[in-house]
Amino acid sequence: MTTSSVSTDATVLVDLVAGIASGDLDVVDLTNPLSSTTPALRLPAPFANLIDFSLEEVSAYNEPGPFWRHNNIHTGEHIGTHIDAPVHWISGRDGHDVSQIPLPRLIGTASVIDVSAEVEQNPDFLLEIEHVQAWERENGELTAGTWLLLRTGWDRFANSQEQFLNVDENGSHTPGVSAECAKWLAEETPISGFGSETVGIDAGNAGAFDPPFPMHYHLLGHDKYGITSLQNLDKLPATGSVLIVSPLPIVGGTGSPARVIALVDRRQ
Ligand code: MN
């Protein structure tokens, strides 16, 4: 006698595929297309930056490959829409690398919190515990394994490195999460991870927080993950969609560009 609330009826998977085919289930791409112009983080000196993504042609139906075209890819791990694995941060150094992340953790419900109106007024907006608790009063508590996605409207800048990083003489001004809320999300909630529309999971000026980059510090130090540079979160309901995060299984990798998609039930 099973006590599982999940049906083991094989029609679940048949219904899933039929729902996608009929359009009842919408497949939403949350990924920024990956090219040499995809915005990427720029750390200030003395820190070292990753290389941007680029394609290097090896053959194109020509002498080095008369019937085929193929390229080498060059990229940093944390370029474009990507996942941060626990080993990315010093607090998670003994945790999983990106190839070791258990696959069930990469498929979960999406819980979307919309702060785009607040960010419109203040690009340095920080998510606080009370914002999440207000969301929970409206939508129910964050469930085990859910992905908390912060909708800020920042994806509208995703084609411009300058606007996406929004740097002035005082640093980068992009929204994020307060240090207190980061600790709370990591220690007190059952989320699998957190997703942002910005270049990283921390606010643009989070290097000055305590600890510096608190989302990285707390989340990755508690076996939770980050995904960044998401798009199209406005196409997701607050609850009820399913997120699939699909990084490359780079052995020893601290992260990977990832295709991130959501399944949304349009019949609701
Ligand atoms: Mn990263």
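The paragraphs below set out a description of the structure included in this document. (Residues numbered from 1 in each chain as written. Predicted model: local features only at pLDDT ≥ 70, side-chain atom pairs only at ≥ 80, totals over all residues. Heavy atoms only, no water.)

### What to know about the coordination of the manganese ion
Then step 1. Only His-78 (ND1), His-82 (NE2) and Asp-84 (OD) from the protein coordinate the manganese ion, and they sit 2.0 to 2.3 Å from it.
Then step 2. For His-82, a relative accessible area of 3% translates into the label buried. (Donors = N, O, S within 2.8 Å, 3.2 Å for Na, K, Ca; no water. Buried < 20%, exposed > 50% of the residue type's maximum accessible area, 1.4 Å probe, protein only.)

### Remarks on a nonpolar patch on the surface
Then step 1. Taken together, Val-12, Leu-13, Leu-16, Val-17, Ile-20 and Val-27 make up a surface patch of nonpolar side chains, about 490 Å² in accessible area.
Then step 2. At 5 residues, the largest contribution of residues to the nonpolar patch is made by helix α1 (residues 11-22).
Then step 3. For Val-27, the location among the structural elements is in strand β1 (residues 25-29). (Patch = residues over 30% accessible without salt bridge, like charges linked within 9 Å, V, L, I, M, F, W, Y side chains within 5 Å. Areas by Shrake-Rupley, 256 points an atom, 1.4 Å probe, with all protein chains shown as cover. Salt bridge = Lys/Arg side-chain N within 4 Å of Asp/Glu carboxyl O. Helix = DSSP H or I, 4+ residues; strand = E, 2+ residues; numbered from the N terminus.)

### A closer look at the packing of aromatic side chains
Then step 1. Considering all chains together, one arrives at 3 aromatic pairs under this definition.
Then step 2. A centroid spacing of 4.8 Å and a plane angle of 75° characterise the contact between Trp-154 and Phe-157, whose relative ring orientation is edge-to-face. (Phe/Tyr/Trp six-rings, centres within 6.5 Å; stacked < 30°, edge-to-face > 60°.)

### Some words on the pattern of salt bridges
Then step 1. Going through the model one piece at a time under the given rule, you end up with 8 salt bridges.
Then step 2. The shortest N-O distance in the salt bridge between Asp-26 and Arg-266 comes to 3.0 Å. Here the residue Asp-26 occupies a position in strand β1, and Arg-266 occupies one in the segment after β14 (255-265), the gap between them amounting to 240 residues.

### A closer look at unusual backbone geometry
Then step 1. In this structure, Pro-46 follows Ala-45 across a cis peptide bond, with omega equal to 10°.
Then step 2. As for its position among the elements, Pro-46 is in the loop between β1 and β2 (54-62).
Then step 3. Of note, the bond from Asp-210 into Pro-211 is cis; its omega dihedral lies within 30 degrees of zero at -5°.
Then step 4. Assignment of secondary structure puts Pro-211 in the loop between β11 (193-195) and α6 (214-221).

### Topic: the nonpolar core
Then step 1. Residues Leu-127, Val-177, Cys-181, Leu-185, Phe-194 and Met-215 are the most contacted members of the largest nonpolar core, which totals 28 residues.
Then step 2. The set of elements that each furnish at least two residues to this core consists of α3 (129-139), β7 (147-151), α4 (161-165), α5 (179-188) and α6.
Then step 3. Among the elements that make up this core, the one with the highest residue count is α5 (5 residues).
Then step 4. If you look at the next biggest cluster of nonpolar residues, it comprises 22 residues, including Leu-149, Leu-230, Ala-258 and Val-264. (Core = buried A, V, L, I, M, F, W, Y, C linked by side-chain atoms within 4.5 Å.)

### So, the packing of α3 against α5
Then step 1. Orientation of α3 relative to α5, taken along the N-to-C sense of each, is 50°, at an axis distance of 8 Å. What the angle tells us is that α3 and α5 run oblique. Along its contact with α3, which presents Ile-129, Val-132, Gln-133 and Glu-136, the element α5 presents Glu-180, Cys-181 and Trp-184.
Then step 2. In terms of residue class, the contact of α3 with α5 is built from 4 nonpolar, 1 polar and 2 charged. (Axes fitted to C-alpha atoms, helices over the stretch in contact; angles between N-to-C directions. Parallel < 35°, antiparallel > 145°, perpendicular 65-115°, else oblique. Contact = heavy atoms within 4.5 Å. Nonpolar A, V, L, I, M, F, W, Y, C, P; charged D, E, K, R; others polar.)

### Section: α6
Then step 1. Among the 8 residues that make up α6, 6 are buried, leaving the element largely enclosed by the rest of the structure.
Then step 2. Taken together, the buried positions of α6 are occupied by Pro-214, Met-215, His-216, His-218, Leu-219 and Leu-220.
Then step 3. Among the structural elements, β4 (82-84), β10 (176-177), α5, β11 and β12 (225-227) are those in contact with the buried residues of α6.
Then step 4. Asp-223, located one to two residues past α6, shows a positive phi value of around 55°.

### Side note on the environment of Asp-124
Then step 1. Secondary-structure assignment places Asp-124 in the loop between α2 (116-121) and β6 (126-127).
Then step 2. Of the residues examined, Asp-124 reaches a relative accessible area of 23% and is grouped as partly exposed.
Then step 3. Between the C-alpha atoms of Asp-124 and Asp-26, which are 98 residues apart in sequence, the distance is 33 Å.
Then step 4. Those residues in contact with Asp-124 that sit more than four places away from it in its chain are Ser-172, His-173, Thr-174 and Asn-205.
Then step 5. Polar side-chain contacts of Asp-124 include one of 2.9 Å to the side chain of His-173. (Polar contact = N/O pair within 3.5 Å; in protein donor to acceptor, adjacent residues only side chain to side chain.)

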